[in-house]
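Each chain is listed here by its residues.
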Amino acid sequence: MMLQVKKSGFLSLVQDYGRYGHQSIGVTNGGPLDEHAFLWANRLLDNHYNDAQIEISYGLFSVQFFDDAMIAICGADLSASINDIAIKPWQSYKIKAGDIVSFVSPVAGLRCYLAVKGGFTVEKQLSSCSTVVREKLGGIHQNGSKLSKGDCISYQPSQDEIIKYVPPQYRGKYDKEITLRFIPNTSPTSAGKDVLRAFTGNSYEVTSNMDRMGYRLSGNALDTPQKGIISQGVSLGAIQVPKDGQPIILMKDRQTMGGYPLIGCVSYLDLSKLAQSNPGTKLSFTPVDVDEAEAELKIHQTFFGIDLKNSVENSSSP
Amino acid sequence: MNIIRTSENTVLILFEQVINSANFLLINQQTQSIKRQMTEYIIDIIPSYASIHITFNIVQISGLDFTQKLNEVLQNPHISNEPNTNQTVIEIPAYYGEEVALDLPHVAEKVQLSDSDVVRIHSETIYDVYAIGFAPGFAYLGNVDKRIAVSRKETPRQKVARGSIAIADQQTAIYPSESPGGWQVIGRTPIHLIDYSSKTLTQFTTGNKVKFVAISKSEFIKMGGTFE
């Protein structure tokens, strides 16, 4: 049972929940940039949280299904359609053999997730099939390549008939102005309290220099007290201040180590909002207590049944 | 030592912010001890020159409890009495010929030594693997002898060939795959540093010792080296 890619789009990638347990050899996590949308797509289909999907950025992507299937789409509104009949995200849809599902261009948000009942069947590398182009890891060819025209991906057929949708209050909202919560950092390798104060008072814009590794912002340049720090491991969501004083927020494909001073970390759950932000989106930042943010993340992980320990134990890492 | 809660599920242990062997030995011992005593909670661990970054499983343990337990482990490290297999010296064949040593003449000129002196000094030092990062399998080795320490290039190269051996200040490294890079390239190894299909994945782990062994052009070719 399979589908075939008819139009590849700008950046369409196979992603499962990510690659864990290999950072010690420099391998990044990868995984869905908008985790919220990804997890809901699997949830709508009663899939495992780690089941593989396609992350479609910007659109111009279409696939043809050769067998019946139940699919879900969640995340950005990329003017999707089934056989030219418009469909909306945050819902599951019944697919008949021969149907063509297309994603044209962004109406709201940037990245849409296409999931299939049972998940796509993709060989794993280092315990994950997440595609990381830079590392030449993952994807259907196991070389980090993005999806291209003619690629075929297999899935289990499904006779499921029940349509489900995400309750409106849990759907992502993609506004032009967003506030991101962050956990401040004032340790010796941080940019310091003055920079932290200036950062919280400023507002920023998402620049066009944004990808799966990181989002560069622009705004009043921050005056960093020190040029660099001794390279250290970096967390997901870390806010770095490079020499030019314009912050960078590190995303799922980040390098595992960094040498720029830090301001803090964007709260894990708010990164999904950032992942859907267009260049020009206005950002402001507000501090959040680490224990409070942790409690929320734990609720999220429990709700979606996430236990990363499984990912690590199944991995072949020494 | 200072434990910082960097995010909901990560902590950073900061050691004295200096780069030297003694500090690194301490970090390496603490990393092993943490892995031995806390492995059930740990998702990912990144030891570096002067820090250890840990991602833990918040489904199993709260940040408060994890930090407290980590603190106890750091105060009472389990140092293994077994000989540290980590400390074996790994020999890396290195070809320093002009076809691959693109920046060797520049480095030699900068430090006012001959090309062969730079090569001799680079290959007689035993280096520590301080950290692995930047790219899969990219090992930061130190310390490069001060006599040949040259800072990175003003403008990075778009493409540095796989296996390139390069220096930047007192660090040296091998590019495990072709990538952009700004370090001064002084040689190339024919061996593969990362192989996703092999069980061991990489030649190095943090804490290993590494020595470069100069080889001739014919040996380089025989071992599969290329000049692309």
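Caption draft 1: Representation of the environment of Ile46 of chain B. Summarising the element assignment, Ile46 of chain B is placed in strand 3 (residues 42-47). Distance in space between the C-alpha atoms of Ile46 of chain B and Gly133 of chain B is 8.5 Å, their sequence separation being 87 residues. When sequence neighbours within four positions are dropped, the list of residues in contact with Ile46 of chain B reads Gln23, Ser24, Gly233, Thr256 and Met257 of chain A together with His53 and Gly133 of chain B.

Caption draft 2: Region of interest: the sheet that holds strand 10 (residues 108-116) of chain A. All names here are of chain A. The strand order 2-3-10-5-8 describes an open sheet built from 5 strands, whose pairing is antiparallel. For this open sheet the edge positions go to strand 2 (11-15) and strand 8 (91-95), each flanked by a neighbour on one side alone. Neighbour-to-neighbour, the strand axes of this sheet turn through a mean angle of 25°, independent of strand direction. The sheet contact formed by strand 5 (residues 69-77) and strand 8 spans 5 bridges and is antiparallel.

Caption draft 3: Molecular detail of the interface of chain A and chain B. Listed as interface residues are 44 residues of chain A and, on the opposing side, 42 residues of chain B. When residues of the side of chain A that touches chain B are assigned to their parent elements, the largest contribution, 8 residues, is made by helix 4 (residues 290-303) of chain A. When grouped by side-chain class, the residues that make up the side of chain A that touches chain B number 18 nonpolar, 19 polar and 7 charged.

Caption draft 4: Molecular detail of unusual backbone geometry. Between Gly142 of chain B and Asn143 of chain B the backbone carries a cis peptide bond, its omega angle lying at -10°. Position of Asn143 of chain B among the secondary structure elements: in the loop between strand 7 (139-142) and strand 8 (157-160). With phi around 50°, Asn83 of chain A is a residue other than glycine that occupies positive phi space. Secondary-structure assignment places Asn83 of chain A in the loop between strand 6 (80-82) and strand 7 (85-86).

Caption draft 5: Molecular detail of the nonpolar core. Within the largest apolar cluster, 107 residues are counted, with the highest numbers of intra-cluster contacts made by Ala139 and Ile186 of chain B. Looking at which element gives the most residues to this core, the answer is strand 6 (residues 127-132) of chain B, with 5 residues. If near-sequence neighbours (up to four positions away) are discounted, Ala139 of chain B is found in contact with Val129, Ile132, Ala173, Ile174 and Phe204 of chain B. Grouped together as the second largest cluster of nonpolar side chains are 45 residues, Cys74, Trp90, Val122 and Leu147 of chain A included.

About the cut-offs
- Residues numbered from 1 in each chain as written.
- Chains lettered and ligands numbered in written order.
- Predicted model: local features only at pLDDT ≥ 70, side-chain atom pairs only at ≥ 80, totals over all residues.
- Helix = DSSP H or I, 4+ residues; strand = E, 2+ residues; numbered from the N terminus.
- Contact = placed C-beta atoms within 7 Å.
- Pairing = 2+ DSSP bridges.
- Axes fitted to C-alpha atoms, helices over the stretch in contact; angles between N-to-C directions.
- Nonpolar A, V, L, I, M, F, W, Y, C, P; charged D, E, K, R; others polar.
- Core = buried A, V, L, I, M, F, W, Y, C linked by C-beta atoms within 7 Å.
- Buried ≥ 20, exposed ≤ 12 C-beta atoms within 10 Å, placed from the backbone.

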